[in-house]
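Listed here are the chains, written in short residue letters.
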Amino acid sequence: MPRSPSCDLRTGLYRCAPLLLTLWLPAPGMTQVTSADYTRADRFLSWNAGQLVTGDQVVPNWLDGDRFWYRNRVLEGHEFVLVDPTVPSRRPAFDHHRIAAALSMAADTSYVGTKLPFDDFEFVDGGIRFHTADSVRWSCTTTDYFCTGPDSIPAPPRTEITSPDGRWVAFSRDENLWVRSTETGEEIQLSTDGEEDFGYAVPQEGCCSVVTLARRGDEAPPVLAWSPDSRMIGTHRLDERAVEQLHLLETATGRPVLHSYRVALPGDSVIPTYEVHLFDVEGRSHVRADVDPIDAVNTSCCGLAIDTLWKDARWGEGADELFFTRGVRSYDTLQLHAANTSTGETRMILEETSKTYVEANAGRGGVPNWRVINDNSEVVWWSERDGWGHLYLFDAASGELRNRITEGPWMVADLLVVDEASRWVYFTAVGREEDRNPYYQHLYRARLDGSAVELLSPEEADHQIRMSPSGRYFVDQYGTYESAPVTVLRDRSGRVLATLEEADFSTLLATGWRFPVPFTALARDGVTPVHGLLFFPSDFDEDASYPVVDYIYPGPQVGPIRSRQGSVSQGGNAAALAELGFIVFQIDALGTPLRDKAFHDAYYGNMRDNGIPDHIAALRQLATRYPQMDLDRVGIFGHSGGGFSSTDAILSYPDFFKVAVSTAGNHDNRSYDFTWGEKYHGLLTRNPDGTDSFDSQANQNIAHRLEGKVLFMYGTLDDNVHPNANLLVIDELIRANKDFDLVVLPNRNHGFSNEPYVIRRTWDYFVRHLKGVEPPEGFEIVRPTN
């Protein structure tokens with residue numbers, strides 16, 4: 001572990017390390033970084049390092065009776081494990097070696113039990129059924145282990161949502177809502193007046209990577225919610241008719257292919273809106289909820305749905321009322337409504353307001369934290385009205401507040417389930433336990449009357465909780481940044497019923513891989529604690545000097561540190577980059593979520609901030625603890641919002657950041673979906689002189705400040721961050737006669753940051769311009785196929 005000399009932060013934020021303004025020049029005698037160095041870094045990329053770790057990924061796939069299976073990583077590959085919480089029991093889901101032998105014989109090829117050619121499967125009478133990578137389906141018995149197939153029946157489409165009783169599937173076709181009987185195959189058209197860009201249950205084009213999905217023959221799931229009794233469907237009718245289009249060109253032999261899709265941008269006069277509709281499946285009738293069209297905004301990031309879940313609507317008891325939230329374009333108001341399914345009559349239950357923006361959960365995306373309970377008479381509601389995210393109990397008839405459920409200087413993260421009979425609400429929260437990392441999540445329950453809060457996961461660690469469908473069991477994977485996670489099964493009292501996995505990093509650690517080192521520093525104000533991670537090379541020399549690379553994602557919906565547990569998948573493949581002779585830095589700066597409201601709102605209305613002053617402040621403090629950090633050689637990189645902020649950093653702070661790699665950056669949020677910039681920067685306002693309120697955040701407006709080295713990369717089919725955002729900056733750099741580097745990735749969408757070529761070019765750029773030596777020519781990173 002690197003030595004950490006003392007630094008009394010009470011003496012002042014900037015006394016721990018002097019401000020270093022000199023430009024760095026390569027030290028004489030530096031040797032070339034070799035292919036062997038790159039090979040060593042390559043083995044620490046997440047997909048390679050992960051092959052040397054076991055038991056670190058338990059994601060339950062739920063079955064009836066709260067049983068579940070999960071795909072477990074083992075050294076030779078993977079295995080499938082079946083768990084029955086009611087026993088409790090844990091066992092192999094089937095005999096992997098016998099399945100491999102039977103499938104090898106049926107397919108006339110060779111498989112082994114730890115590398116079966118599927119990641120997902122379903123139990124059927126007497127066996128299992130699965131699709132292989134080539135999309136063909138096989139069936140195998142688990143009694144005599146005999147496989148049949150392949151057949152041409154495709155996997156169930158994401159574009160259909162099954163009713164709770166399994167009798168129907170609902171889907172959108174030609175802008176109308178349909179259902180199909182799973183028993184007879186009969187299809188029934190429930191709406192008839194859908195039209196182009198004004199359809200039922202259709203997803204937004206602007207939020208759902210519509211071009212990317214279309215090119216691979218896919219589409220987003222419909223936006224709808226089945227009632228618990230399978231009698232009713234709540235859905236929306238989305239109006240994008242007057243929303244303007246964006247366009248992309250697909251590279252092709254001869255003429256390129258034009259792709260067009262509708263996206264509203266900040267300041268546009270028209271944005272998507274939707275009506276709420278209620279369909280009676282058996283009665284073949286429907287009504288529209290009596291409420292004006294609703295602005296199609298994000299009550300939680302991002303879009304109107306999470307996979308097949310319509311985030312902003314849910315049923316209570318029965319099918320008499322659909323409850324839904326109504327957001328507004330300014331994001332400062334969120335209302336809860338209830339619509340009568342027979343008449344469409346709609347009433348407002350409560351309203352939440354904010355001086356900035358209203359969140360419906362802890363600000364990092366996910367399911368909004370509200371539930372209708374007790375025969376539709378009460379609402380559990382999440383609010384930041386006192387500066388912290390907490391739960392409140394409201395009367396669903398009058399909208400009056402009955403009582404607080406939780407309170408204090410901590411935050412409820414995810415509302416999991418309400419046990420109405422015992423009057424407990426179960427949730428995860430951060431920051432409640434003293435002297436623990438404020439980002440570590442724990443499982444709790446609280447009395448609905450606010451009289452008690454109980455900690456159910458006492459281990460001092462971060463707890464990632466997955467709840468069973470009934471809400472009676474919790475799969476709890478817990479660990480710290482510096483330890484391998486453990487996964488247990490808990491009941492509602494928090495009692496551990498079984499240990500499912502104890503992750504093992506020993507084989508990986510034997511190669512020299514290191515867990516990151518967590519740190520706490522002070523933000524720009526010299527008062528607010530901020531937390532982050534440092535990654536050191538395996539051959540770290542305490543007497544050497546190392547350039548520093550900052551991996552940035554500014555939020556505001558998430559920060560750069562996605563896992564609080566021992567993981568091979570920290571952002572930017574930081575461990576691999578460190579292995580090339582860098583110290584890699586990550587921090588959750590002001591403006592990121594999971595702290596108090598003021599922390600999250602820190603740069604509302606000023607997206608140019610990006611938390612970068614906190615990065616600089618923390619790095620200066622850390623350099624006094626770790627004198628091996630050379631603050632004359634600081635680089636920065638990031639993707640998407642990280643591409644925006646890394647470019648901002650080198651343009652706004654050229655004396656501190658010398659090198660930047662910016663991929664898919666949303667450099668001007670006027671080129672990005674309106675739901676982003678208008679939420680975090682405010683509504684666009686135009687000034688008499690022709691400027692507007694978004695000019696201050698646009699990177700092209702400060703491109704002339706470039707002094708260091710910057711590499712841009714973007715995909716020509718990026719239907720999330722349009723290439724226009726990059727081209728605006730590039731045009732201004734040319735106008736200012738600035739040198740820069742550029743990689744254009746033909747036909748790539750937004751998700752190219754882990755492409756091997758992109759990783760290698762990022763490594764090359766930092767090696768060449770921060771270390772001052774030449775990288776090995778043409779080193780090829782090859783991603784494993786299994």
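None of the values given here were measured: they were computed from a predicted structure.

A.B. asks: I'd love a proper account of the sheet that holds strand S11 (residues 176-181), names of residues and values included.
C.D. replies: An order of S9-S10-S11-S12 is seen for the 4 strands of this open sheet, with the pairing classed as antiparallel. Each edge of the sheet is formed by a strand with only one pairing partner; in this case those strands are strand S9 (161-162) and strand S12 (187-189). Where S11 meets S12, 3 bridges bridge the pair, whose relative direction is antiparallel. Across the sheet, residue Val-179 finds its bridge partner in S12, namely Ile-188.

A.B. asks: Describe the packing of aromatic side chains, with residues and values.
C.D. replies: What describes a pair of aromatic rings is the distance from one ring centre to the other and the angle between the planes of the rings. Per the stated rule, a full pass over the model turns up 37 aromatic pairs. Ring plane angle 75° and centroid distance 5.0 Å describe the contact between Trp-513 and Phe-515, whose orientation is recorded as edge-to-face. Residue classification places Phe-515 among the buried positions, given a relative accessible area of 18%. Judged by centre distance (5.1 Å) and plane angle (20°), the ring pair of Phe-540 and Tyr-546 falls under stacked. The class for Phe-540 is buried, based on a relative accessible area of 12%. Through a chain of ring-to-ring contacts, the aromatic side chains of Trp-69, Phe-80, Phe-94, Phe-118, Phe-121, Phe-123 and Phe-130 assemble into a single cluster. Positioned over the ring face of Phe-198 is Arg-241, at 4.0 Å from the centre of the ring. Here Lys-597 stacks its cationic end above the ring of Tyr-357, 4.1 Å away from the centre of that ring.

A.B. asks: With reference to specific residues and values, describe unusual backbone geometry.
C.D. replies: Residue Cys-302 is reached from Cys-301 by a cis peptide bond, and omega for that bond is -5°. Within the element layout of this structure, Cys-302 appears in the loop between strand S20 (294-295) and strand S21 (305-306). Of note, the bond from Gly-555 into Pro-556 is cis; its omega dihedral lies within 30 degrees of zero at 5°. In this structure, Pro-556 sits in the loop between strand S41 (546-551) and helix H6 (574-578).

A.B. asks: Could you give me a rundown of the pattern of salt bridges, with the residues and numbers involved?
C.D. replies: If you walk through the whole model with that rule in mind, you get 54 salt bridges. Salt-bridge contacts for Asp-165 lead to Arg-167; the nearest nitrogen and oxygen are separated by 3.8 Å. When salt bridges that share partners are traced, they join Asp-193, Glu-195, Arg-237, Asp-239 and Arg-241 into one network.

A.B. asks: Give me the lowdown on the environment of Asp-504, citing residues and values where you can.
C.D. replies: Its location among the elements puts Asp-504 in the loop between strand S38 (496-502) and helix H5 (506-509). Note: C-alpha distance between Asp-504 and Thr-54 (450 residues apart in sequence) is 5.2 Å. For Asp-504, the residues in contact, after removing those within four places along its chain, are Leu-52, Val-53 and Thr-54. Here the side chain of Asp-504 touches Ser-506 through a polar contact of 2.6 Å, side chain to side chain.

A.B. asks: Quick rundown of the confidence of the model for the protein chain? Include the residues and the values.
C.D. replies: The predicted coordinates ought not to be read in detail in places where the model reports low pLDDT. Averaged over every residue, the pLDDT of the protein chain is 93; residues scoring 70 or more account for 95%. A low-confidence stretch, residues 1-30 stays under pLDDT 50, and its non-local contacts, those more than four residues away or across chains, total 62 contacts.

A.B. asks: I'd like a description of the sheet that holds strand S8 (residues 147-151), backed by residues and values.
C.D. replies: Spatially, 4 strands are ordered S5-S6-S7-S8 in an open sheet, and the strand pairing comes out antiparallel. Two strands in the sheet have a free side with no partner beyond their single neighbour: strand S5 (122-124) and S8. Strand-to-strand twist in this sheet, taken as the mean axis angle between neighbours without regard to direction, amounts to 25°. Lying on the sheet, helix H3 (residues 96-107) is in contact with strand S6 (127-131), strand S7 (137-141) and S8; it crosses S7 at an angle near 130°.

A.B. asks: Mind laying out the nonpolar core, listing which residues take part and the relevant values?
C.D. replies: Grouped together as the largest cluster of nonpolar side chains are 63 residues, with contacts concentrated most on Val-380, Leu-391, Val-425, Phe-427, Leu-534 and Phe-585. The greatest single-element share of this core, amounting to 6 residues, is contributed by helix H8 (residues 612-625). Ignoring sequence-local partners within four residues, the contact set of Val-380 consists of Asn-369, Trp-370, Arg-371, Ile-373, Leu-391, Tyr-392, Leu-393, Ile-405, Leu-415, Val-418 and Leu-448. Listed in part, the 48 residues of the second largest apolar core include Val-33, Ile-561, Ala-574 and Trp-763.

Calculation notes
- Residues numbered from 1 in each chain as written.
- Predicted model: local features only at pLDDT ≥ 70, side-chain atom pairs only at ≥ 80, totals over all residues.
- Heavy atoms only, no water.
- Pairing = 2+ DSSP bridges.
- Helix = DSSP H or I, 4+ residues; strand = E, 2+ residues; numbered from the N terminus.
- Phe/Tyr/Trp six-rings, centres within 6.5 Å; stacked < 30°, edge-to-face > 60°.
- Buried < 20%, exposed > 50% of the residue type's maximum accessible area, 1.4 Å probe, protein only.
- Lys NZ or Arg CZ within 6 Å of the ring centre and 35° of its normal.
- Salt bridge = Lys/Arg side-chain N within 4 Å of Asp/Glu carboxyl O.
- Contact = heavy atoms within 4.5 Å.
- Polar contact = N/O pair within 3.5 Å; in protein donor to acceptor, adjacent residues only side chain to side chain.
- pLDDT = per-residue confidence, 0-100.
- Axes fitted to C-alpha atoms, helices over the stretch in contact; angles between N-to-C directions.
- Core = buried A, V, L, I, M, F, W, Y, C linked by side-chain atoms within 4.5 Å.

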